[in-house]
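Below, each chain spelled out in residue letters.
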Amino acid sequence: MADWNERFLNLATHISQWSKDPSTKVGCVVVGPDHEIRSTGFNGLPRGIEDKDERLNNREIKYPMICHAEENAIMHAARIGISLKECTAYVTWPPCTRCARSLIQAGILTVIYPKNTEIPDRWASDFELSMDMFKEAGIELKTA
């Protein structure tokens, strides 16, 4: 039987497939201390924005409306009144600085992503910055 980390990372991978953009398939599952799923998210439009929303045709506001997986999970939890404080975030890709800031503000204690993830050179500096942000905030970063 798979352990909890493997189960939640597998679920995050499954959720990442909901993204319509193949270059940004990232999934996030936020889990409470008793292994209960508190929220999920994937890269794409914020929850509540439909594909046919006319705002998507306005190029100047399109890209800010596209949320990262972690942000989508955090926004969803906030909308339904669920606290993510002291939870664990399972993500299919190490969080960027934008997502690191969101996870820190949400009160996440631990971030877990798949081991052997290769970070391309173009994202290496952002990855280092986000790792520093987590370290300063006292958030544990692990691979599984």
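Residues numbered from 1 in each chain as written. Predicted model: local features only at pLDDT ≥ 70, side-chain atom pairs only at ≥ 80, totals over all residues. Heavy atoms only, no water.

Taking an unreviewed UniProt entry as the reference, the protein chain is identified by name as CMP/dCMP-type deaminase domain-containing protein belonging to Marine Group III euryarchaeote CG-Epi2. Note on the protein chain: under the UniProt heading Cofactor (unreviewed entry), the record states "Zn(2+)". UniProt annotates the protein chain under Sequence similarities (unreviewed entry) with the comment "Belongs to the cytidine and deoxycytidylate deaminase family." (UniProt positions renumbered as here; feature names shortened; annotations may be inferred.)

On to the nonpolar core. One broad rule of soluble globular proteins: the nonpolar side chains tend to lie buried together. Counting residues in hydrophobic clusters, the biggest one holds 20 residues, and the most contacted among them are C28, V30, L84, L103, I108, V111 and F134. The set of elements that each furnish at least two residues to this core consists of β1 (27-31), α3 (69-79), β3 (88-91), α4 (97-106), β4 (110-113) and α5 (121-137). Each residue touching F134, except ones within four places of it in the same chain, is listed here: P95, A100, L103, I104, V111, I139 and L141. The next biggest cluster of nonpolar side chains, apart from the first, holds eight residues, and it includes F8, L9, V29 and V31. (Core = buried A, V, L, I, M, F, W, Y, C linked by side-chain atoms within 4.5 Å. Buried < 20%, exposed > 50% of the residue type's maximum accessible area, 1.4 Å probe, protein only. Helix = DSSP H or I, 4+ residues; strand = E, 2+ residues; numbered from the N terminus. Contact = heavy atoms within 4.5 Å.)

Now for the packing of aromatic side chains. Enumeration according to the criterion identifies four aromatic pairs in this entry. Their ring planes at 90° and their centres at 5.7 Å tell us that W18 and F42 sit as a pair that is edge-to-face. Residue W18 is located in the loop between α1 (4-16) and β1, and its partner F42 is located in strand β2 (residues 37-42); the two are separated by 24 residues in the primary sequence. You can call F42 partly exposed: its relative accessible area is 23%. Taking the centre distance of 5.8 Å and the plane angle of 75° together, the rings of W93 and W123 count as edge-to-face. Of this pair, W93 sits in the loop between β3 and α4 while W123 sits in helix α5; the two residues are 30 residues apart in sequence, bridging distant segments of the chain. We classify W93 as partly exposed; its relative accessible area is 27%. (Phe/Tyr/Trp six-rings, centres within 6.5 Å; stacked < 30°, edge-to-face > 60°.)

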